[in-house]
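# Structure at a glance
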Amino acid sequence: GRFEESIGRYADVIGEADTVESLAGIVQEMVDETRTVHGLVASAQQRLQDEHGRAAELSDRVQSLEEELRRISEEVATDPLTRIANRRGLMGAFESEVGRARRDAAPLSVGLLDIDNFKKLNDSLGHEQGDLLLKEMGQRLVAVVREGDTVARLGGDEFVVILEGLSAQAHQAAAQAESVAHKMLQALASPMA
């Protein structure tokens, strides 16, 4: 704004000048002010470039923190032994599915499985073998359920399966759930190494 006012003043002085010699002072003043403005513009451009660099660094840092938060959230919701959902992951999936079922007026299927006499197995073969059995059971369940279904270790030797996206028709949903349950039983019935 100040430079614009100066330009107007310079135009008036130049318009009123009667000799070239009388313009020398005003021309020098114009050159000096133009250099000053140019310096200010260059400085502002440098600050803008510096701030752009800082903004890019901050954006990278935010992205890194978001990735770390996702990783930590997964860890918090994942059973460290079986690498499937833990109780917290189960509750999150359950709340989500209950909301979907209410919204879509669709049935919700939840299955609970536990290993009979697991304590005896742990006592006779050792906890290491018991842990291997739990891992294998989790892997087998995950292998037979549909994508989007949730397999979780509730605790100890108890597992929960939430079946997502079943038919809105109760009889069709029951048939779908029964089919998945049958596949789970078949997968768990074969001997474990």
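Residues numbered from 1 in each chain as written. Predicted model: local features only at pLDDT ≥ 70, side-chain atom pairs only at ≥ 80, totals over all residues. Heavy atoms only, no water.

## Topic: the pattern of salt bridges
Threshold: In the sections that follow, a salt bridge refers to a side-chain nitrogen of Lys or Arg positioned within 4 Å of a carboxyl oxygen of Asp or Glu. Note on conventions: DSSP H or I runs of at least 4 residues are helices, E runs of at least 2 residues are strands, and numbering of each starts at the N terminus.
Enumeration over the complete set of coordinates arrives at eight salt bridges. Its salt-bridge partner being Arg54, residue Glu51 comes within 3.0 Å of it at the nearest N-O pair. Taken together, the residues span about one helical turn, with Glu51 and Arg54 both in helix α2 (residues 24–76) at a distance of three residues. The partner of Glu136 in a salt bridge is Arg140, with the nearest N and O atoms 2.8 Å apart.

## Digging into the nonpolar core
One broad rule of soluble globular proteins: the nonpolar side chains tend to lie buried together. Heads up, the condition is: Definition used in this section: a nonpolar core is a set of buried Ala, Val, Leu, Ile, Met, Phe, Trp, Tyr and Cys residues joined via side-chain atoms within 4.5 Å. Throughout, exposure labels follow a simple rule: accessible area from a 1.4 Å probe, protein chains only, divided by the maximum for the residue type, with under 20% read as buried, over 50% as exposed, and the rest as partly exposed. Contacts are assigned to residue pairs with any non-hydrogen atoms lying within 4.5 Å of each other.
By size, the foremost hydrophobic cluster in this structure holds 19 residues, and its most contacted members are Leu113, Met137, Leu141, Phe159 and Val161. Sorting the residues of this core by element identifies α5 (127–144), β3 (158–163) and α6 (170–189) as the ones contributing at least two each. Top element by residues in this core is α6. It accounts for five residues. Apart from the residues lying within four places of it in its own chain, the contact partners of Leu141 are Leu113, Val151, Phe159, Met184 and Leu188. Grouped together as the second largest cluster of nonpolar side chains are seven residues, Ala85, Leu90, Ala93 and Val160 included.

## Here we look at the packing of α5 against α6
Convention followed: Axis lines are fitted through C-alpha atoms, for helices just across the contact stretch, and the angle between N-to-C directions can take any value from 0 to 180 degrees. Two helices that cross are described as forming a left-handed crossing if the nearer one is turned anticlockwise from the farther one by less than a right angle, and a right-handed crossing if clockwise. Here the term charged refers only to Asp, Glu, Lys and Arg, the term nonpolar to Ala, Val, Leu, Ile, Met, Phe, Trp, Tyr, Cys and Pro, and the term polar to all other amino acids, Gly among them.
Where α5 contacts α6, the two axes come as close as 9 Å, and the packing angle between them is 145°. Here the hand of the crossing between α5 and α6 comes out right-handed. For the pair α5 and α6, the contacting residues are Met137, Arg140, Leu141 and Val144 in the first and Lys183, Met184, Ala187 and Leu188 in the second. Taken together, the residues that form the contact of α5 with α6 break down as six nonpolar, no polar and two charged.

## With respect to the side chain of Thr78
Note that Thr78 resides in the loop between α2 and α3 (87–104). With relative accessibility at 16%, the residue Thr78 sits in the buried group. Not counting residues within four places of it along the chain, the set of residues in contact with Thr78 comprises Arg83, Ile84, Ala85 and Asn86.

## What to know about the pairing of strand β2 (residues 150–155)
Short version of the rule: What makes two strands pair is DSSP finding at least two bridges between them.
Burial of β2 is extensive: five of the six residues sit out of reach of the surface. Relative to β3, β2 runs antiparallel, the two sharing five bridges. Residue Val151 lies in a different strand from β3, and its bridge partner there is Val161. Where β2 hands over to β3, the hairpin turn is made up of two residues, of which Gly156 adopts a positive phi near 55°.

## Things to note about the sheet that holds strand β1 (residues 109–114)
Within the open sheet, the three strands sit side by side as β1-β3-β2. Their pairing is antiparallel. Looking at which strands have only one partner, the edges of the open sheet turn out to be β1 and β2. Direction aside, the axes of adjacent strands within the sheet are offset by 25° on average. Across the face of the sheet, α3 comes into contact with β1, β2 and β3 while running at roughly 25° to β3.

## Considerations on α6
Worth spelling out the cut-off: By this rule the span expected of a helix is its residue count minus one, scaled by 1.5 Å. In this context, the arc is that of the directions from the helix axis out to the C-beta atoms.
Between the first and last C-alpha of α6 there are 28 Å, a value that for 20 residues agrees with the 28 Å anticipated at 1.5 Å per step. The complete set of buried residues in α6 reads Ala173, Ala177, Val180, Met184, Ala187 and Leu188. Here the buried residues of α6 occupy an arc of 95° about the axis, which is enough to place them on one side. More than 90 degrees from the buried face of α6, the exposed residues found are His171, Glu178, Leu185 and Ala189. Looking at the buried side of α6, the elements it contacts are β1, α5 and β3.

## Digging into the environment of Arg88
You can see Arg88 is positioned in helix α3. Owing to a relative accessible area of 57%, Arg88 belongs among the exposed residues under this scheme. Once the C-alpha coordinates of Arg88 and Arg103 are considered, the two residues, 15 residues apart in sequence, prove to be 23 Å apart.

By themselves, these are just geometric observations and shouldn't be taken as functional.
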